[in-house]
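# Fold and geometry: a report
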Amino acid sequence: MAAVNSGGSEEISQPAKHQEVGHKSLLQSDALYQYILETSVYPREPAPMKELREVTAKHPWNLMTTSADEGQFLNLLLKLINAKNTMEIGVYTGYSLLSTALALPDDGKILALDINRQNYEIGLPIIEKAGVAHKIDFREGPALPVLDLMIEDEKFHGSFDFIFVDADKDNYLNYHKRLIDLVKIGGVIGYDNTLWNGSLVAPPDAPLRKYVRYYRDFVLELNKALAVDPRVEICQLPVGDGITLCRRIS
Ligand SMILES: C[S@@+](CC[C@H](N)C(=O)[O-])C[C@H]1O[C@@H](n2cnc3c(N)ncnc32)[C@H](O)[C@@H]1O
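Description of the structure in this document. (Residues numbered from 1 in each chain as written. Predicted model: local features only at pLDDT ≥ 70, side-chain atom pairs only at ≥ 80, totals over all residues.)

## Description of the site of the ligand
Heads up, the condition is: A molecule or strand has a residue near it when that residue's C-beta atom, placed from backbone coordinates, lies within 6 Å of it. Strands are runs of DSSP state E lasting at least two residues, helices are runs of H or I lasting at least four, and both sets are numbered from the N terminus onward. Residue classes follow a fixed rule: Ala, Val, Leu, Ile, Met, Phe, Trp, Tyr, Cys and Pro count as nonpolar, while Asp, Glu, Lys and Arg count as charged, and any other residue, Gly among them, counts as polar.
Around the ligand sit 20 residues in total, of which Thr 66, Gly 90, Tyr 92, Ser 96 and Ala 167 are the nearest. For the shell around the ligand, the secondary-structure elements that each account for two or more residues are helix H4 (95–103) and strand E4 (109–114). When its residues are assigned to classes, the shell around the ligand shows 10 nonpolar, seven polar and three charged.

## Remarks on the pairing of strand E8 (residues 232–237)
Two faces, one strand: in a regular strand the side chains alternate between the faces of the sheet. Quick note on the threshold: Here, strands pair whenever DSSP counts at least two bridges between them.
Two elements, E8 and strand E9 (residues 243–248), share six bridges in a ladder whose sense is antiparallel. The residue bridging Ile 234 from the neighbouring strand is Cys 246, located in E9. Linkage of E8 to E9, two consecutive antiparallel strands, is achieved through a turn of five residues, within which Gly 240 is found at a positive phi near 60°.

## Quick word on the nonpolar core
Applicable threshold: The term nonpolar core refers to a set of buried Ala, Val, Leu, Ile, Met, Phe, Trp, Tyr and Cys residues connected through C-beta atoms within 7 Å. Residues with at least 20 neighbouring C-beta atoms inside 10 Å of their own are called buried, those with 12 or fewer are called exposed, and the rest are partly exposed, where every C-beta is derived from the backbone. Distance between backbone-placed C-beta atoms decides contact: two residues are in contact if it is within 7 Å.
Among the nonpolar cores identified, the biggest contains 51 residues, and Leu 98, Ala 101, Ile 163, Val 165 and Ile 189 are the most heavily contacted of them. With six residues, H4 is the single largest residue contributor to this core. Excluding its chain neighbours within four sequence positions, the residues that come into contact with Ile 163 are Thr 86, Met 87, Leu 179, Leu 182, Val 183 and Ile 189.

Below is the structure:
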């Protein structure tokens, strides 16, 4: 923000700290988060999602799963935007995939990309039992080459209503370069983990887990790039570990 001071020169005024205009963020305690889960999320969670959440909780890498409140958010968002053709990068056992599959119409599609099929197969029987497996086209392997192939073919340009990105954070900007052409104008890309364990505002010497420290700078770069990207409108939500929605406008 630029302002002209009494000497006629331009000075930069900093935006007010949010506390100066009333503290609006309430999520300061685990108890409040637990309250949201128990009051508004778990009682409304579809049975197959509950089953998959409980199966995933026993898996050694359960830290990777999408949280139940975020699953609920994705499910509602997809219905609100009438999504039909979607993509997911980063499937793990399939919690966000199932929340997407349950939201789409019967002829909806999800191109699901992950380097690990074994974990997807943990959730697959539950997805099949829920009657939505026919919407999913799972491809095992790194996502980037698949995106490159689609970019080469005009028919995929502007073809996706919604794309959820929840995989290798060091590639998010590479994904964005491609996904911006693959999502349709008016469609939405959701980047997950954009608040990255709260580490984005941690002091440089803070004791962070190794993987948190490693990916931190990539997430910071992504957030900076999205904030100034004129091709999208954005909204960063503190749901789960932070999700940034990007609506393509050009
Ligand atoms: C955070 S987990 C995804 C969680 C999932 N959305 C859920 O709801 O449980 C990240 C996933 O990204 C996958 N992954 C990592 N690198 C990848 C890549 N280059 N391409 C595709 N998937 C990748 C991992 O195998 C892992 O399953």
